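What follows is the residue order along each chain.
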Amino acid sequence: MSFKDKILKNQSPWGAPPGGGSNNGNGGSGTRQQPPSLDDIIRNFQKTINKFSGGKPGGSKPIIMGLIIVLGLYFASGLYRVLPDEQGVVLRFGKFVNTTQPGLHYHLPRPFERALTPKVTKVNRIDVGFRPASDSGRSSSGVGNVPEESLMLTGDENIVDINYSIFWVIKDAGNFLFNIQSPVETVKATSETAMREVIAKSKIQSILTEGRSQIEVEVQEITQKILDQYGSGIQITQVQTQQADPPSQVIDAFRDVQAARADRERFKNEAEGYANDVIPRARGEAEKILQEAEAYKKQVVAAAEGEASRFLAIYNEYKNAKQVTQERMYLETMEKVLADIDKVIIDKNSGSGVVPYLPLPELRKKDPK
């Protein structure tokens, strides 16, 4: 029976059904055959190859087919896949050729070309000035300080102990792999250089309080600029300050100084608050006095101008009718002088039948008004 007939009858190339049992039409309930030995498998395989080669054991067709299969597998080895978080870098005889984006790609098989696929979206972290407990060799929790990295001189000639972390990713895999030899050491050294430059022109008070965010931004910009000049293919994503304190030897004294400065600021704020309360009120009182004086001035001037106008009017009338004006002025003056004085009128020319006494104050008291 030929190989083709065995396949059509659902038999294996070795003469037995695929399930290992007999094919007697009753669902495989017959006697189960033993699996073929390794010698039988090799012998049957050689017979099958001889059939493809025309029955000649020494034919060239198996060799050609074997070569084709080997060559196919060899060229298929050039297929490679770039994951979404990777970037492909193709090397030809060890020289960088180009980069490929995520997906399925092909390059010439080795030793002609090969592909590297570094992770370009992974955020890497480098700690400067301290090491985690696992890296420092200590079994207890916490971090290990590295004074040769963390101690820096400030712009006002103080020493600060600063720990920070650098976060970075690969933005160009080709430059990252071939332009710098030690990426971690390079990022660490450049960031330390940038941090010392920024700290050297900053005051310690600003470093310990509100100036940290500005320091982080400046360090990131300077570090990125240096790495770009190197062509490193690295992108700095963040600089994060972990700790910024005076050296441990003087931290107690420094805290006393800080407490004194805090008290000074508090007293200063209280004094400024008191001044802000008193000065506006004093200015308001002064403005009130000035406005009252200005109003009094206008009142006096207006009254004087009114008296002057009245005097001129009376004088003009006096020139026209002197006698009448004198009498009117006399009566008006007497009216003003005698307005609040109790008056009694006695008529000395009255006859004997008339009482020559007129009690005006008593009449005013009886007046219903």
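For the structure, check the block above.
Summary of the structure given here. For every chain, the first residue of the written sequence is number 1, and numbering continues from 1 onward in sequence order. Local features in this predicted model are restricted to residues of pLDDT 70 or higher, and side-chain atom pairs are both shown and tallied only at a pLDDT of 80 or more, whereas totals for entire chains, interfaces and linings draw on every residue. Here the side-chain values reflect all heavy atoms present in the structure, with hydrogen atoms and water set aside.

**Details of the overall build of the protein chain**
Consideration 1: Secondary structure elements are defined from DSSP: runs of H or I of at least 4 residues count as helices, runs of E of at least 2 residues count as strands, and each element is numbered from the N terminus. From N to C terminus, the protein chain includes 12 helices and 13 strands.
Consideration 2: Exposure classes here rest on a 1.4 Å probe applied to the protein chains alone. A residue is buried below 20% of its type maximum, exposed above 50%, and partly exposed in between. Counting every position in the protein chain, which comprises 369 residues, the buried fraction comes to 25%.
Consideration 3: Contact between two residues is taken to exist if any of their heavy atoms lie within 4.5 Å; hydrogens are not considered. Expressed as a percentage of contacts within the protein chain between residues at least 6 apart in sequence, the contacts between residues at least 24 apart total 59%.
Consideration 4: Per-residue accessibility takes into account occlusion by the displayed protein chains alone, with areas from the Shrake-Rupley method and a 1.4 Å probe. Per element, the accessible surface of the protein chain, about 26,000 Å² overall, is 57% carbon and sulfur.

**Notes on the nonpolar core**
Consideration 1: Throughout this description, the term nonpolar core refers to a set of buried Ala, Val, Leu, Ile, Met, Phe, Trp, Tyr and Cys residues connected via side-chain atoms within 4.5 Å. Trp-168, Val-187, Met-195, Ile-199, Ile-234 and Ile-236 are the most contacted members of the largest nonpolar core, which totals 33 residues.
Consideration 2: Of all the secondary structure elements, the ones that give two or more residues to this core are strand S2 (88-92), strand S6 (124-128), strand S10 (159-170), helix H6 (173-178), helix H7 (183-200), helix H8 (204-208), helix H9 (212-230) and strand S11 (234-245).
Consideration 3: Looking at this core element by element, the count peaks at 6 residues for S10.
Consideration 4: Not counting chain neighbours up to four residues away, the residues in contact with Met-195 comprise Met-152, Ile-162, Tyr-164, Ile-215 and Val-219.

**Structural notes on the pattern of salt bridges**
Consideration 1: Within this document, salt bridges are pairs made up of a side-chain nitrogen of Lys or Arg and a carboxyl oxygen of Asp or Glu, the two lying within 4 Å of each other. Applying the stated criterion across every chain yields a total of 10 salt bridges.
Consideration 2: The partner of Arg-125 in a salt bridge is Asp-127, and the shortest N-O contact between them spans 2.8 Å.
Consideration 3: The shortest N-O distance in the salt bridge between Glu-265 and Arg-264 comes to 3.7 Å.
Consideration 4: Connected through shared salt-bridge partners, Arg-131, Glu-149 and Lys-188 make up one network.

**A few points about unusual backbone geometry**
Consideration 1: Notably, Glu-157 is not glycine yet its phi reads approximately 65°, a positive angle.
Consideration 2: Assignment of secondary structure puts Glu-157 in the loop between strand S9 (151-153) and S10.
Consideration 3: Residue classification places Glu-157 among the exposed positions, given a relative accessible area of 71%.

**Examining the packing of helix H10 (residues 251-320) against helix H11 (residues 322-337)**
Consideration 1: Here, axes are lines fitted to C-alpha atoms. For helices the fit covers the stretch in contact, and angles between N-to-C directions go from 0 to 180 degrees. For the pair H10 and H11, interaxial distance at closest approach is 6 Å and the crossing angle is 135°. Compared by their axis directions, H10 and H11 come out oblique. Along the contact surface, H10 presents Arg-310, Ile-314, Glu-317, Tyr-318 and Asn-320, while H11 presents Lys-322, Thr-325, Gln-326, Arg-328, Met-329, Glu-332 and Lys-336. Put simply, angles under 35 degrees are roughly parallel, angles over 145 are roughly antiparallel, angles from 65 to 115 are roughly perpendicular, and the rest are oblique.

**Observations concerning the packing of aromatic side chains**
Consideration 1: When the centres of two rings from Phe, Tyr and Trp lie within 6.5 Å, Trp using its six-membered ring, the rings pair. Their planes under 30 degrees apart give stacked, over 60 give edge-to-face, and anything left gives tilted. According to the stated counting rule, one finds 3 aromatic pairs in the structure shown.
Consideration 2: Measuring from centroid to centroid gives 6.0 Å for Phe-93 and Phe-112, while their planes differ by 80°, and the two rings are edge-to-face. Note that Phe-93 is positioned in the loop between S2 and strand S3 (95-100) and Phe-112 in the loop between strand S4 (103-106) and strand S5 (113-116), a separation of 19 residues in sequence.
Consideration 3: Its relative accessible area of 63% is what places Phe-93 among the exposed residues.
Consideration 4: Relative accessible area serves as the criterion here: at 38%, Phe-112 is assigned to the partly exposed category.
Consideration 5: Ring centres of Trp-168 and Phe-176 lie 6.0 Å apart, and the angle between their planes is 35°; this geometry places the pair in the tilted category. The burial state of Trp-168 is the same as that of Phe-176; both residues are buried.

**Considerations on the sheet that holds S5**
Strand-to-strand pairing in sheets goes through backbone hydrogen bonds, with the strands running parallel or antiparallel.
Consideration 1: By the convention used here, strands pair only if DSSP detects at least 2 bridges between them. As summarised here, the arrangement of the 3 strands in space is S3-S2-S5, forming an open sheet in which the pairing is antiparallel. Either end of the sheet is taken by a strand with one partner, and the two such strands are S3 and S5. Sheet twist, expressed as the average angle between the axes of neighbouring strands with direction ignored, equals 25°.
Consideration 2: Of the pairings in the sheet, the one linking S2 to S5 comprises 4 bridges and is antiparallel in character. Paired with Val-90 across the strands is Ala-115, a residue of S5.

**Quick look at H10**
Consideration 1: Expected span, for any helix, means 1.5 Å times one less than how many residues it has. Here H10 is 70 residues long and its end C-alpha atoms lie 102 Å apart, about the 104 Å a rise of 1.5 Å per residue gives.
Consideration 2: Taken together, the buried positions of H10 are occupied by Ile-251, Phe-254 and Ile-314.
Consideration 3: Here the buried face of H10 lies against H8, S11 and H11.

**Digging into the side chain of Asp-127**
Consideration 1: Mapped onto the elements of the fold, Asp-127 is located in strand S6.
Consideration 2: In this structure the side chain of Asp-127 is engaged in a polar contact, spanning 2.8 Å, whose partner is the side chain of Arg-125.
Consideration 3: Side chain to side chain, Asp-127 and Ser-165 meet in a polar contact 2.7 Å long.
Consideration 4: Not counting residues within four places of it along the chain, the set of residues in contact with Asp-127 comprises Pro-132, Tyr-164 and Ser-165. Polar contact is the term for a pair of N or O atoms within 3.5 Å; when the atoms are in protein, one must be able to donate a hydrogen and the other to accept it, and sequence-neighboring residues count only if both atoms are side-chain atoms.

**Some thoughts on the pairing of strand S1 (residues 79-82)**
Consideration 1: Judged by which residues are buried, S1 turns out to be one-sided: Tyr-80 and Val-82 face inward and are buried, whereas Leu-79 and Arg-81, on the alternate face, are not.
Consideration 2: By the bridge criterion, 4 bridges tie S1 to S4 in an arrangement that is antiparallel. Across the sheet, residue Leu-79 finds its bridge partner in S4, namely Tyr-106.

**Considerations on the packing of H7 against H9**
Consideration 1: Running from amino to carboxyl end, H7 crosses H9 at an angle of 135°, the nearest separation of the two axes being 8 Å. Compared by their axis directions, H7 and H9 come out oblique. For the crossing formed where H7 meets H9, the hand is right-handed. Taking contact as the criterion, the partners of Thr-186, Val-187, Thr-190, Ser-191, Ala-194, Met-195, Glu-197, Val-198 and Ile-199 in H7 are, on H9, Ile-215, Glu-218, Val-219, Ile-222, Thr-223, Ile-226, Leu-227 and Tyr-230.
Consideration 2: The nonpolar class holds Ala, Val, Leu, Ile, Met, Phe, Trp, Tyr, Cys and Pro. Asp, Glu, Lys and Arg form the charged class, and all remaining residues, Gly among them, are polar. Residues of the contact of H7 with H9, tallied by class, amount to 11 nonpolar, 4 polar and 2 charged. Left-handed describes a crossing whose near helix is turned anticlockwise from the far helix by less than a right angle; the clockwise case is right-handed.

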